[in-house]
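Topology and contacts: notes
Below, each chain spelled out in residue letters.
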Amino acid sequence: MGDLITAFQTANPSYTVTLVQCGATGTLASQITGGNSLGVDLFLAANSATPASLASGYGVGSPFTYAVGTLAFWSKSVNVSAGYSSSTYSKVAVANPSTAPYGAAASQLLTGRYGLTAPLSSNSLVNIYSNIDLTFQAVNSGSETVGFVALSQICSAGTYPSSGYALVYPPTDTSVSPVIYNYDPINQAGLRIAHSRTSAQDTELDAFVSYLTDHTLSPQSQMITTLLNYCYGVP
């Protein structure tokens, strides 16, 4: 988001975008439904279901998809190319499945493909973190040997991992036969939030949304360039 905001403001020097809060999608949604004390104008989620659930009571217009995320199994110290195995790893770090979409995807993968007992919050093989950033930090610091993170967190200039070892888990694994379903696609959506704004502020908000949803291939938009730099899929 920092890269996108900087690029947008460079292209539109009269506009200002302020990032007011980061966290798990469910936590951010609760802030909006709980009164929107931060005065949020735009909600960018890591899934599509949460913006859709807010649209009728808290949104303006329809949700829009800005990126497609992918789950990655990551370690700073051990080779994880063989994939997850409960017999190999005594603990795995996962974001909270109830509030973090990447955690929900990891839960689907671990319970569906690898047979871990749900709920993961009471499974001795899993350490739960409140959001995907804290999950990343736990593995990055070495306090966790392995974890499921967003591919974008370990991608730099379109290459991963930026450090350590990683294995990408797509929603559907077509490299094996029969094909294995891992988790629901992580279509990341946004929503304009109903909030008191001037017409000029509405114009500014619409310009930023247009920027986020500019997926023009030829010539390649700045949005696509940024998505690819961080290994996101293009909607």
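Our structure is the block above this text.
For every chain, the first residue of its written sequence is number 1, and the numbers climb from 1 along that sequence. In keeping with the model being predicted, local features are shown solely for residues with a pLDDT of at least 70 and side-chain atom pairs are shown and tallied solely at 80 or more, while totals for entire chains, interfaces and linings include all residues. Computation of side-chain values: all heavy atoms of the structure, hydrogens and water removed.

**Comments concerning the side chain of Thr 50**
Our working definition: Numbering of helices and strands starts at the N terminus; helices are DSSP runs of H or I of at least 4 residues and strands are runs of E of at least 2. Any two residues whose heavy atoms approach within 4.5 Å at even a single point are treated as in contact.
Take Thr 50: it is sitting in helix 3 (residues 49-58). What Thr 50 contacts, discounting residues up to four positions off in sequence, is Thr 25, Ala 29 and Phe 43.

**A closer look at helix 5 (residues 132-141)**
Rules: The cut-offs for exposure are 20% and 50% of the maximum accessible area for each residue type, with area from a 1.4 Å probe on protein chains only; residues under the lower value are buried, those over the upper are exposed, and the others partly exposed. What the arc describes is the spread of directions from the helix axis to the C-beta atoms. Pairing of N or O atoms within 3.5 Å defines a polar contact, subject to two protein rules: one partner must be a possible hydrogen donor and the other a possible acceptor, and residues neighboring in sequence count only if both atoms are side-chain atoms.
All buried positions along helix 5 are accounted for by Ile 132, Thr 135, Phe 136, Ala 138 and Val 139. The buried residues of helix 5 occupy an angular sector of 160° when the element is viewed end-on, so they sit on one face. Elements in contact with the buried residues of helix 5: strand 3 (71-75), strand 4 (92-95), helix 4 (101-113), strand 5 (126-129) and strand 6 (147-150). Looking at where helix 5 begins, the residue whose side-chain oxygen comes 3.0 Å from the main-chain nitrogen of Asp 133 is Asn 131.

**Digging into the nonpolar core**
Within soluble globular proteins, side chains that are nonpolar tend to cluster in buried spots. Applicable threshold: To define a nonpolar core, start from buried Ala, Val, Leu, Ile, Met, Phe, Trp, Tyr and Cys residues and group those joined through side-chain atoms within 4.5 Å.
Ranked by size, the top nonpolar core spans 26 residues in total, and within it Leu 71, Phe 73, Tyr 84, Val 92, Leu 110 and Phe 148 carry the most contacts. Mapped by element, the contributors of at least two residues to this core are strand 3, strand 4, helix 4 and strand 6. Among the elements that take part in this core, helix 4 stands out by supplying 5 residues, more than any other. For Leu 71, the residues in contact, after removing those within four places along its chain, are Tyr 102, Ala 105, Ala 106, Leu 109, Phe 148, Val 149, Val 168, Tyr 169, Tyr 183 and Ile 186. With 16 residues, the next largest nonpolar core counts Phe 64, Tyr 66, Ala 67 and Met 223 among its residues.

**A word on the packing of helix 2 (residues 25-33) against helix 3**
Note the following rule: Here the axes come from fitting lines to C-alpha atoms, over the contacting stretch only for helices, and the angles between their N-to-C directions go from 0 to 180 degrees. For this classification, under 35 degrees means roughly parallel, over 145 means roughly antiparallel, 65 to 115 means roughly perpendicular, and everything else is oblique. When residues are sorted by character, Ala, Val, Leu, Ile, Met, Phe, Trp, Tyr, Cys and Pro go into the nonpolar class, Asp, Glu, Lys and Arg into the charged class, and all the rest, Gly among them, into the polar class.
The contact between helix 2 and helix 3 brings their axes to 11 Å, and the two run at 5°. With respect to each other, helix 2 and helix 3 are oriented roughly parallel. Seen from helix 2, the contacting residues are Thr 25, Ala 29, Ile 32 and Thr 33; seen from helix 3, they are Thr 50, Leu 54 and Tyr 58. When its residues are assigned to classes, the contact of helix 2 with helix 3 shows 4 nonpolar, 3 polar and no charged.

**Side note on the packing of helix 1 (residues 2-11) against helix 6 (residues 199-212)**
Stated precisely, the cut-off is as follows: Crossing handedness is read from the near helix: turned anticlockwise from the far helix by less than a right angle, it gives a left-handed crossing, and turned clockwise, a right-handed one.
For the pair helix 1 and helix 6, the least separation of the axes is 11 Å and the interaxial angle reads 120°. Considered as vectors, helix 1 and helix 6 are oriented oblique to each other. Relative to helix 6, the crossing made by helix 1 is right-handed. Residue-level contacts link Leu 4, Ile 5, Ala 7 and Phe 8 of helix 1 to Glu 204, Ala 207, Phe 208, Tyr 211 and Leu 212 of helix 6. Tallied by class, residues from the contact of helix 1 with helix 6 come to 8 nonpolar, no polar and 1 charged.

**Points about the pairing of strand 10 (residues 186-193)**
Where we set the bar: Strands were regarded as paired on the criterion that DSSP finds at least two bridges between them.
Within strand 10, 7 of the 8 residues are buried, which leaves it mostly tucked inside the rest of the structure. Pairing analysis gives 3 bridges linking strand 1 (residues 42-44) to strand 10, with the strands arranged antiparallel. Residue pairing for strand 10: Leu 42 is matched across the bridge by Arg 192. As defined by bridge partners, strand 2 (residues 59-69) adjoins strand 10 across 7 bridges and the pair is classed as antiparallel. The residue of strand 10 that forms the bridge with Gly 69 is Ile 186.

**Thoughts on the state of the cysteines**
Among covalent bonds in proteins, the disulfide is the one between the sulfur atoms of two cysteines. Our working definition: Criterion for a disulfide: a pair of cysteine sulfur atoms within 2.5 Å.
Across all of its chains, the model carries 1 disulfide by this definition. Here Cys 155 connects covalently by a disulfide to Cys 231, the sulfurs 2.1 Å from one another. In this structure, the disulfide formed by Cys 155 and Cys 231 twists by about 65° around the S-S bond and is classed as right-handed. Taken together, the residues Cys 155 in the loop between strand 6 and strand 7 (165-169) and Cys 231 in the segment after helix 7 (222-229) connect sequence positions 76 residues apart. In this pair, the class of Cys 155 matches that of Cys 231, namely buried. In this structure Cys 22 is not part of a disulfide, and its nearest cysteine sulfur, from Cys 155, lies 18 Å away. Accessibility expressed as a relative area gives 56% for Cys 22, which makes it exposed.

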